Amino acid sequence: IGKNIRHIEEATLNDVKAFFAKHYAPQNAILSIAGNIDLQDSKRLVNKWFGKINGGDPYKRNLTKERLQTQKRVKILDRKVPQNAIYKAWHIPGRSDDDYYAGKLLSDILGHGLSSRLHENLVHKERLFTQIGAGLNQTLDPGLFIINGMISEGVDFEKAEKARSEER
């Protein structure tokens, strides 16, 4: 409900109730406790106040899986913008997969912060980009490892992309 206005206009009372029951139920809730607390006392109080609440039906995600990609795909957009940019993306596993953490470490080394390899070499030393970084989706579902950079004025796209792809 709500992706476009038609969904709301055509929703029945049963649609709204089903949406509420699915998304606004205890099985989707998160309880956070912070501060100078006693762990055992906190557990006792959580159980006292929330322990008897029925969690509801388990939430089952049914996400469409993307087909396996076997070759590189490129899309070039030519627009009147103040600065050219490069975006590169690779598929990665979700957070619950052991291989996810290798990608997380790589994204931090390559592109997290001013001391990252991409920033130090391509922004600070070579001045090919005004900014560049790397990061990844931090979801339980498979996601993307993304490198994005804003190319410096007067720098040829191919030169910037070659330097970016050679960075280790």
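Please refer to the structure placed before this passage.
Only a predicted model underlies this, so the values are computations on that prediction, with no experimental measurement involved.

The rules we used
- Residues numbered from 1 in each chain as written.
- Predicted model: local features only at pLDDT ≥ 70, side-chain atom pairs only at ≥ 80, totals over all residues.
- Heavy atoms only, no water.
- Helix = DSSP H or I, 4+ residues; strand = E, 2+ residues; numbered from the N terminus.
- Rg over C-alpha atoms; globule rule 2.2 N^0.38 Å.
- Buried < 20%, exposed > 50% of the residue type's maximum accessible area, 1.4 Å probe, protein only.
- Contact = heavy atoms within 4.5 Å.
- Areas by Shrake-Rupley, 256 points an atom, 1.4 Å probe, with all protein chains shown as cover.
- Lys, Arg positive; Asp, Glu negative; His and termini not counted.
- Charge placed at Lys NZ, Arg CZ, Asp CG, Glu CD.
- Axes fitted to C-alpha atoms, helices over the stretch in contact; angles between N-to-C directions.
- Parallel < 35°, antiparallel > 145°, perpendicular 65-115°, else oblique.
- Nonpolar A, V, L, I, M, F, W, Y, C, P; charged D, E, K, R; others polar.
- Pairing = 2+ DSSP bridges.
- Phe/Tyr/Trp six-rings, centres within 6.5 Å; stacked < 30°, edge-to-face > 60°.
- Salt bridge = Lys/Arg side-chain N within 4 Å of Asp/Glu carboxyl O.

### Observations regarding the overall build of the protein chain
Reasoning step 1: Looking only at helices and strands, the protein chain has six helices and three strands in total.
Reasoning step 2: Taken from N to C terminus, the helices and strands of the protein chain fall in the order α-α-α-β-α-α-β-β-α.
Reasoning step 3: Taken over the C-alpha trace, the protein chain has a radius of gyration of 23 Å; the compact-globule value for 168 residues is 15 Å, which it surpasses by more than 25%.
Reasoning step 4: Projected onto its principal axes, the C-alpha positions of the protein chain cover 65 × 50 × 35 Å.
Reasoning step 5: Expressed as a percentage of its 168 residues, the buried residues of the protein chain come to 21%.
Reasoning step 6: Of all intrachain contacts in the protein chain linking residues separated by at least 6 positions in sequence, the fraction that spans at least 24 positions is 58%.
Reasoning step 7: For the protein chain, the accessible surface area stands at approximately 14000 Å², while carbon and sulfur atoms represent 53% of it.
Reasoning step 8: With 27 positive and 21 negative side-chain charges, the protein chain shows a separation of 4 Å between the mean positions of the two kinds.

### Here we look at the environment of Phe50
Reasoning step 1: In this fold, Phe50 is placed in helix H3 (residues 39-50).
Reasoning step 2: For the pair formed by Phe50 and Gly133, sequence separation is 83 residues and the distance between their alpha carbons is 43 Å.

### Quick notes on the packing of helix H4 (residues 100-111) against helix H5 (residues 117-125)
In helix packing, the relevant descriptors are the interaxial angle and the interaxial distance, both defined with respect to the helix axes.
Reasoning step 1: Axis separation between H4 and H5 bottoms out at 4 Å; the angle between their running directions is 30°. Relative to H5, H4 is oriented roughly parallel. Within the contact between the two elements, H4 uses Ile109, Leu110 and Gly111 and H5 uses Arg117, Leu118 and His119.
Reasoning step 2: Along the lines of polarity and charge, the residues of the contact of H4 with H5 split into three nonpolar, two polar and one charged.

### A short note on the pairing of strand S2 (residues 129-136)
Reasoning step 1: Alignment of S2 against strand S3 (residues 143-151), held across seven bridges, turns out to be antiparallel. For Gln131, the partnering residue across the bridge sits in S3 and is Met150.
Reasoning step 2: Count of turn residues in the S2/S3 antiparallel hairpin: six residues.

### Comments concerning the packing of aromatic side chains
Reasoning step 1: What the rule picks out here adds up to three aromatic pairs.
Reasoning step 2: Note on Phe20 and Tyr24: the rings are 5.3 Å apart at their centroids and 15° apart in plane angle, and the pair reads as stacked.
Reasoning step 3: With 5.1 Å between their ring centres and 85° between their planes, Tyr100 and Tyr101 make a pair best called edge-to-face.
Reasoning step 4: Given a relative accessible area of 3%, Tyr100 falls into the buried group.

### Focus on the sheet that holds strand S1 (residues 85-92)
Sheet strands line up and pair through hydrogen bonds in the backbone, either parallel or antiparallel.
Reasoning step 1: Sheet architecture is open: three strands sit in the order S1-S3-S2, paired in antiparallel fashion. Of all the strands in the sheet, just S1 and S2 have a single pairing partner and so form its edges. Averaged over all neighbouring strand pairs, the angle between strand axes comes to 10°, with direction disregarded.
Reasoning step 2: Its contacts with the sheet place H4 against S1, S2 and S3, and it is angled at close to 165° to S2.
Reasoning step 3: Strands S1, S2 and S3 of the sheet are contacted by helix H6 (residues 157-166), whose axis makes an angle of about 35° with S1.

### Considering the pattern of salt bridges
Pairing of side chains with opposite charge becomes possible as their charged atoms draw close.
Reasoning step 1: Applying the stated criterion to the full structure yields seven salt bridges.
Reasoning step 2: When the shortest N-O distance is used, the salt bridge between Arg6 and Glu10 registers 3.5 Å.
Reasoning step 3: Exposure remark for Arg6: the relative accessible area of 42% places this residue in the partly exposed category.
Reasoning step 4: With a closest N to O distance of 3.2 Å, Glu161 and Lys88 form a salt bridge. Within this pair, whereas Glu161 is found in helix H6, its partner Lys88 is found in strand S1, the two being separated by 73 residues in sequence. Lys88 matches Glu161 in its accessibility class, with the two residues each being buried.

### Side note on the environment of Ile86
Reasoning step 1: Structurally, the position occupied by Ile86 is in strand S1.
Reasoning step 2: Assessed through its relative accessible area of 5%, Ile86 is described here as buried.
Reasoning step 3: Separated by 61 residues in sequence, Ile86 and Ile147 place their C-alpha atoms 7.9 Å apart.

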